[in-house]
Structure formats: structure tokens, C-alpha cells
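Examination of the molecular architecture
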Amino acid sequence: MSPNANADITFARLTAISPDELVAHMSDPRVGEHMPLLTMTWDRETARTFVEAKEACWSRDGLGHWAFLADGRYVGWGGFQKEGEEWDFGLVLKPEVFGLGLRIARKALAFARTDDRIPFVTFLLPPSRRHLGALKRLGAVFLNQTEYDGETFLKFRLDTPAPRTGLRLDQ
């Protein structure tokens, strides 16, 4: 599936995606190029454990990771995960649809702007990621380098104020 600039982007729970689809996605070596924490071999049990962990985030925090669909077809996963007091946003797409990343991120961030629990979002990217223009276009700013599970990441932050409606309080 090649990226369709006009694809209808929707979000679903990861439980709606077959474990075999997740295994195929996460076993593609191109996916792991910029994922230093992706060290295990994915199989059906790994996929099941992964989905259970992400569903536990939904139960605990009322928010978590979604499956991303383009015209109804699975193209990747990601979303918001509570890390301490911060909401981290992640996005893991199939290589053939990397071009949809900014559209998907914008849709997810629009959701974040409607949720009072999320005053800002963080992004953790490995130093191997050199093309950071999409983050800049979103308005994210670099904070620092941080360590997570023994790996170094570049940490960015994006404030998520509610969009202005154009209404004034004195009207």
C-alpha cells in the first residue's frame, strides 16, 4: 500500500488488528532502524503481550495507543502514553506509508488539544533520526537529551493549547 495523500485516516484500538499483522509490521527491518529499544524478535506471543500492555495504559490512564488506519487498512500504531506526569507521543508506521506520518500526527495532536489532561506532549527520538523537519513544522522544540531504558533519546516538547475559536469573552 503506497501512501495516499487523500486517504481517510482513522484510529482504532490495537485489539482490532490481527497479531500476524503486527508481527509482520514490527519484523520489517526498516521499522527497527530508528527504534533502539526494538531488540526482540516479534512473534504472535510478543504481539499479544504488546497489545495487552497498551490496553493496560487505556485502563490505567484513560488513553493509550491506537492502530492507525488509512482507508480502513492498518498502516501502523502509536498514540499517547503517560510517562510520569508527561504524555509522550509515539508513531510507528509501516515503511510503505512513512509519508502519512505528519497527517496522522496532526490528527492525533488535534485530539490532544481537546483533552484537558494534556497541556503538552513530549516526543522521544533516537539520535539516529536526522530529519526532524516534521517536528519543527508541528511546533515542537528541543528540550534535551535523555536516557530511557539505557538508550539515549532526543526529547522534544509541543504545547497543546486548545485551538482559538475567534470568540472574545467581552462580546
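This section reports on the structure supplied with the text. (Residues numbered from 1 in each chain as written. Predicted model: local features only at pLDDT ≥ 70, side-chain atom pairs only at ≥ 80, totals over all residues. Heavy atoms only, no water.)

**Details of the side chain of Gln-81**
Inspection of the secondary structure assignment puts Gln-81 in strand S3 (residues 73–83). Engagement of the side chain of Gln-81 in a polar contact is seen with the side chain of Glu-83, the distance being 3.3 Å. (Helix = DSSP H or I, 4+ residues; strand = E, 2+ residues; numbered from the N terminus. Polar contact = N/O pair within 3.5 Å; in protein donor to acceptor, adjacent residues only side chain to side chain.)

**Examining the sheet that holds strand S4 (residues 86–93)**
The pairing of strands in a sheet happens through backbone hydrogen bonds and is either parallel or antiparallel. Here we have seven strands laid out as an open sheet, ordered S1-S2-S3-S4-S5-S7-S6, and mixed in their pairing. Bordering the open sheet on either side are strand S1 (9–13) and strand S6 (141–148), each of which pairs with just one other strand. Across the sheet, the axes of successive neighbouring strands diverge by a mean angle of 30 degrees, strand direction being ignored. As judged from the six bridges shared by strand S5 (residues 120–125) and strand S7 (residues 151–159), these two strands associate in the antiparallel manner. Residue Thr-122 lies in a different strand from S7, and its bridge partner there is Arg-157. Contacts from helix H1 (residues 19–27) reach S3 and S4 within the one sheet, and its direction differs from that of S3 by about 80 degrees. The strands that helix H4 (residues 101–113) touches are S1, strand S2 (65–70), S3, S4, S5 and S7; relative to S1, the one it contacts most, it runs at about 65 degrees. (Pairing = 2+ DSSP bridges. Axes fitted to C-alpha atoms, helices over the stretch in contact; angles between N-to-C directions. Contact = heavy atoms within 4.5 Å.)

**Topic: the pattern of salt bridges**
The tally for this structure, following the rule as stated, stands at 10 salt bridges. The partner of Asp-61 in a salt bridge is Arg-60, with the nearest N and O atoms 2.8 Å apart. Beyond isolated ion pairs, a larger network of salt bridges with shared partners links Glu-45, Arg-48 and Glu-52. (Salt bridge = Lys/Arg side-chain N within 4 Å of Asp/Glu carboxyl O.)

**Brief notes about the packing of aromatic side chains**
Applying the stated criterion across every chain, the model contains 11 aromatic pairs. Look at Phe-50 and Trp-77: their rings are 4.7 Å apart centre to centre, the planes differ by 65 degrees, and that puts the pair in the edge-to-face class. Of the two residues, Phe-50 is situated in helix H3 (residues 44–61) and Trp-77 in strand S3; the sequence distance between them amounts to 27 residues. Look at Trp-77 and you get buried, because its relative accessible area is 8%. Each ring, one from Phe-80 and one from Phe-111, has its centre 6.4 Å from the other, and the planes form 25 degrees; the classification is stacked. In this pair, Phe-80 sits in strand S3 while Phe-111 sits in helix H4, placing the two residues 31 residues apart along the sequence. Residue class for Phe-80 comes out buried when judged on its relative accessible area of 0%. Within the aromatic cluster, the residues linked to one another by ring pairs are Phe-11, Trp-58, Trp-66, Phe-68, Phe-80, Phe-89, Phe-111 and Phe-123. In this arrangement the basic side chain of Arg-13 is found over the ring face of Trp-58, its NZ or CZ atom lying 4.1 Å from the centre. (Phe/Tyr/Trp six-rings, centres within 6.5 Å; stacked < 30°, edge-to-face > 60°. Buried < 20%, exposed > 50% of the residue type's maximum accessible area, 1.4 Å probe, protein only. Lys NZ or Arg CZ within 6 Å of the ring centre and 35° of its normal.)

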